[in-house]
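Residue-level structure breakdown
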Amino acid sequence: RASVKKITTGSQALDGLLGGGIETRTMTELFGEFGSGKTQICHQVSVNVQLPPEKGGLSGKALYIDTEGTFRTERIKAMASALGLEPKDVLQNIMSIRAINTDHQIAIVEELQDIIAKDNTIKLVVVDSITSHFRAEYSGRENLAVRQQKLNRHLHQLVRLAEIYDLAVIVTNQVMARPDMFYGDPTVAVGGHTLYHVPGIRVQIKKSRGNRRIARMVDAPHLPEGEVVFSITNTGIRD
Ligand code: ATP
Ligand code: MG
């Protein structure tokens with residue numbers, strides 16, 4: 001695993017939980033309830049990937065697939081300024097694409113192969129969120145099998161991109177505070193586990209007091225399980 005590289009999240013505690021940061025060649029799933037900070041982390045890592053290696057980045061660009069319309073240029077600018085980076089440049093190095101439905105989301109990822117093959121400076125792909133369109137379009141038990149099949153194929157494509165091009169993939173997955181309400185839905189964490197049949201790292205984000213958040217490592221193959229606390233501030237993710 002020597003060739004795996006890491007991108008800082010902005011929080012030393014969270015980086016520590018992740019074994020140094022968000023890894024390349026791996027898909028990292030952030031799951032948690034609304035407002036837990038999944039999107040904020042995605043924004044921060046899209047900025048941080050642009051930092052030079054000595055500052056925790058990969059001097060790379062980010063590709064942000066936004067399925068919920070929650071990508072905010074203002075947040076990127078604020079996070080960039082806080083790091084002493086030129087906001088305009090940082091924004092230019094984040095290609096954000098709004099995916100309007102599952103077919104569109106899948107098609108974008110299929111096209112990424114060509115985009116990334118031509119531009120080896122792309123070091124991060126974000127899908128925020130991976131599940132929202134799937135849940136909306138394939139609701140009901142009778143559609144569950146088809147949905148899981150499509151979603152798994154989509155996830156495997158993302159994992160392959162990460163492995164082939166040595167880049168980091170982050171996907172988010174909203175999970176209700178009371179997963180028992182969604183019993184029987186395998187994309188919902190029950191007992192802290194999302195039942196994807198794909199390799200990767202899973203991190204649960206939980207709300208704590210005020211701007212404090214708890215991150216918990218869930219069944220990572222090579223990392224110890226554990227919990228850390230971090231904060232969401234006006235300037236981004238911090239300890
Ligand atoms: P969802 O599942 O609904 O998409 P999420 O996990 O993506 O939720 P975020 O949008 O990342 O949640 O987090 C929203 C929270 O981030 C807000 O409730 C607030 O606490 C914090 N936040 C957002 N912007 C700022 C800011 N400018 N300054 C401080 N905190 C902020
Ligand atoms: Mg979000």
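Bear in mind that the values here come from a model prediction, so they are computed numbers and not experimental data.

1. Section: the sheet that holds strand E10 (residues 226–233)
Strand order across the open sheet formed by 9 strands is E5-E4-E6-E7-E3-E8-E9-E10-E11, with mixed pairing between neighbours. Sheet topology places strand E5 (94–98) and strand E11 (236–238) at the edges, where each strand pairs with a single neighbour. The mean inter-strand angle of the sheet, taken between neighbouring strand axes irrespective of direction, is 25 degrees. Of the pairings in the sheet, the one linking E10 to E11 comprises 3 bridges and is antiparallel in character. Following the sheet pairing, Thr233 is matched in E11 by Gly236. Together, strand E3 (26–32), strand E6 (122–128) and strand E7 (168–174) form the strand contacts of helix H7 (residues 144–165), whose direction differs from that of E7 by roughly 155 degrees.

2. So, helix H3 (residues 73–82)
Taken together, the buried positions of H3 are occupied by Ile76, Met79 and Ala80. For H3, the arc enclosing every buried residue in end-on projection is 100 degrees, short of the 170-degree limit, so these residues lie on one face. In this structure, the buried side of H3 is in contact with helix H2 (38–48), helix H4 (87–92), E5 and E11. Where H3 ends, the next residue or the one after it, Gly84, has phi of about 75 degrees, a positive value.

3. A look at the site of ligand 1
In the region of ligand 1, 14 residues are neighbours, and Phe34, Lys38, Thr39, Gln40 and Gln174 sit closest. Per element, the largest residue contribution to the shell around ligand 1 is 3 residues, and it comes from H2. Looking at the shell around ligand 1, its residues break down into 2 nonpolar, 11 polar and 1 charged.

4. Observations concerning the UniProt feature "binding site: ATP" (unreviewed entry) in the protein
Mapped onto this numbering, the UniProt entry gives "binding site: ATP" (unreviewed entry) at Gly32, Glu33, Phe34, Gly35, Ser36, Gly37, Lys38 and Thr39. Position of Phe34 relative to the elements: it lies in the loop between E3 and H2.

5. A short note on helix H5 (residues 102–118)
For H5, with 17 residues, the first-to-last C-alpha span of 25 Å sits near the 24 Å given by 1.5 Å per residue. By the largest-angle criterion, Leu112 marks the main kink of H5, which is about 30 degrees. Residues Thr102, Gln105, Val109 and Leu112 constitute the buried set of H5. Buried residues belonging to H5 abut strand E4 (61–66), E6, helix H6 (132–137) and H7.

Conventions adopted
- Residues numbered from 1 in each chain as written.
- Chains lettered and ligands numbered in written order.
- Predicted model: local features only at pLDDT ≥ 70, side-chain atom pairs only at ≥ 80, totals over all residues.
- Pairing = 2+ DSSP bridges.
- Helix = DSSP H or I, 4+ residues; strand = E, 2+ residues; numbered from the N terminus.
- Axes fitted to C-alpha atoms, helices over the stretch in contact; angles between N-to-C directions.
- Contact = placed C-beta atoms within 7 Å.
- Buried ≥ 20, exposed ≤ 12 C-beta atoms within 10 Å, placed from the backbone.
- Arc of directions from axis to C-beta.
- Near = placed C-beta within 6 Å.
- Nonpolar A, V, L, I, M, F, W, Y, C, P; charged D, E, K, R; others polar.
- UniProt positions renumbered as here; feature names shortened; annotations may be inferred.
- Expected span 1.5 Å × (residues − 1).
- Bend = angle between axes of the 7 residues up to and from the residue.

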